[in-house]
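Take a look at the letters that make up each chain.
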Amino acid sequence: MFSKQEAQQLKKEFWTAFGKSFPRKWILYDTKVKDFSFKFYADNKKAEVSLDIEMKDEIFRNAYYEKIWSLEDILKDFIGDFQKEEYFTLENGKVISKIWIEKHGVSIFNKNTWQEIFEFFVEKMDGFERFYYEYEDFIKDV
């Protein structure tokens, strides 16, 4: 097991290594839609790439979720099978809508799995971005 400081250091090394291995500007928060963002996540059990729709106004959040949901089969062509939840509760209690894809059996704390995580991140986020750019006008038209 790692101390809190060692864990923080490994996480920092992980994200630095990812940035150096795949130097690219990702969309992430730059979707031009407030509280609509793409995210990378990794912990000791899995890696995840997600689209988080975090508007406080439930009507807007649901409208954006429904837009993405209406393109489900097309999104699947870009990223493969994914999970979705219209009312996903974060650890802090905030409810968002979330669409994500996971890779299990990898760990941010195991350097032997980093390359596998990096490749997963690049493949899935690239798919999310290509999907978004292709359907951006439709998605934004809420």
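Predicted, not measured: the structure shown is a model, and the values here were computed from it.

(A) Seen up close, the pairing of strand 1 (residues 36–42). Along strand 1, five of the seven residues are buried, which leaves the element largely enclosed by surrounding structure. Inspection of the sheet shows strand 1 paired to strand 2 (residues 46–53) by seven bridges, in the antiparallel sense. Counted as the bridge partner of Phe-38 is Leu-51 from strand 2. The hairpin turn running from strand 1 into strand 2, its antiparallel successor, is three residues long.

(B) Here's a closer look at the packing of aromatic side chains. For the structure on display, the rule yields 24 aromatic pairs. Aromatic side chains Phe-22 and Phe-118 sit 6.4 Å apart centroid to centroid with 75 degrees between the ring planes, which places their arrangement in the edge-to-face category. With Phe-22 in the loop between helix 1 (4–21) and strand 1 and Phe-118 in helix 4 (residues 114–140), this residue pair connects regions lying 96 residues apart in the sequence. Ring geometry for Phe-40 versus Phe-121: centroids 4.7 Å apart, planes at 45 degrees, classification tilted. Of this pair, Phe-40 sits in strand 1 while Phe-121 sits in helix 4; the two residues are 81 residues apart in sequence, bridging distant segments of the chain. Taken together, Phe-14, Trp-15, Phe-18, Phe-22, Trp-26, Phe-40, Trp-114, Phe-118, Phe-120 and Phe-121 form an aromatic cluster joined through their ring pairs. Over the aromatic face of Phe-138 sits the side chain of Lys-67, whose NZ or CZ is 4.0 Å from the ring centroid. Just above the ring of Phe-88 sits the side chain of Lys-98; from NZ or CZ to the centre is 4.7 Å.

(C) Summary view of the pattern of salt bridges. Tallying each qualifying case throughout the model produces 16 salt bridges. For the salt bridge of Lys-124 with Glu-123, the shortest nitrogen-to-oxygen distance reads 3.3 Å.

(D) Molecular detail of unusual backbone geometry. Positive phi, close to 45 degrees, is recorded for Leu-28, a residue that is not glycine. Examined against the element boundaries, Leu-28 turns out to sit in the loop between helix 1 and strand 1. Here the phi dihedral of Asp-35 falls at roughly 65 degrees; this positive angle occurs in a residue that is not glycine. Mapped onto the fold, Asp-35 is located in the loop between helix 1 and strand 1. A residue is classified by how much of its surface remains accessible, and Asp-35, at 33% relative accessible area, is partly exposed.

(E) Molecular detail of the confidence of the model for the chain. In this model, the chain carries an average pLDDT of 95, and 99% of its residues clear a pLDDT of 70 or more. When mean pLDDT is compared element by element in the chain, strand 2 scores highest at 98, while helix 1 scores lowest at 94.

Rules behind the numbers
Counting restarts for each chain, with residues numbered from 1 along the sequence as it is written. In view of the model being predicted, local features appear only for residues whose pLDDT reaches at least 70, and side-chain atom pairs are presented and counted only at 80 or more, with totals across whole chains, interfaces and linings using the full set of residues. Heavy atoms from the whole structure form the basis of all side-chain values; hydrogens and water molecules are not counted. Only protein chains enter the area calculation, which uses a 1.4 Å probe; residues under 20% of their type maximum are buried, those over 50% are exposed, and those in between are partly exposed. Per the convention used, a helix needs a DSSP run of H or I reaching at least four residues, while a strand needs a run of E reaching at least two, with both numbered from the N terminus. One bridge is not enough; two strands pair if DSSP finds at least two bridges between them. Note on ring pairs: Phe, Tyr and Trp rings are taken, using the six-membered ring of Trp, and paired if centres are within 6.5 Å. Classes follow the plane angle, with under 30 degrees stacked, over 60 edge-to-face and the rest tilted. Should the NZ of a Lys or the CZ of an Arg lie within 6 Å of a ring centre and within 35 degrees of the ring normal, that charge is described as sitting over the ring. Salt bridges are counted wherever a side-chain nitrogen of Lys or Arg sits within 4 Å of a carboxyl oxygen of Asp or Glu. Confidence scores per residue from the predictor, reported as pLDDT, run from 0 to 100.

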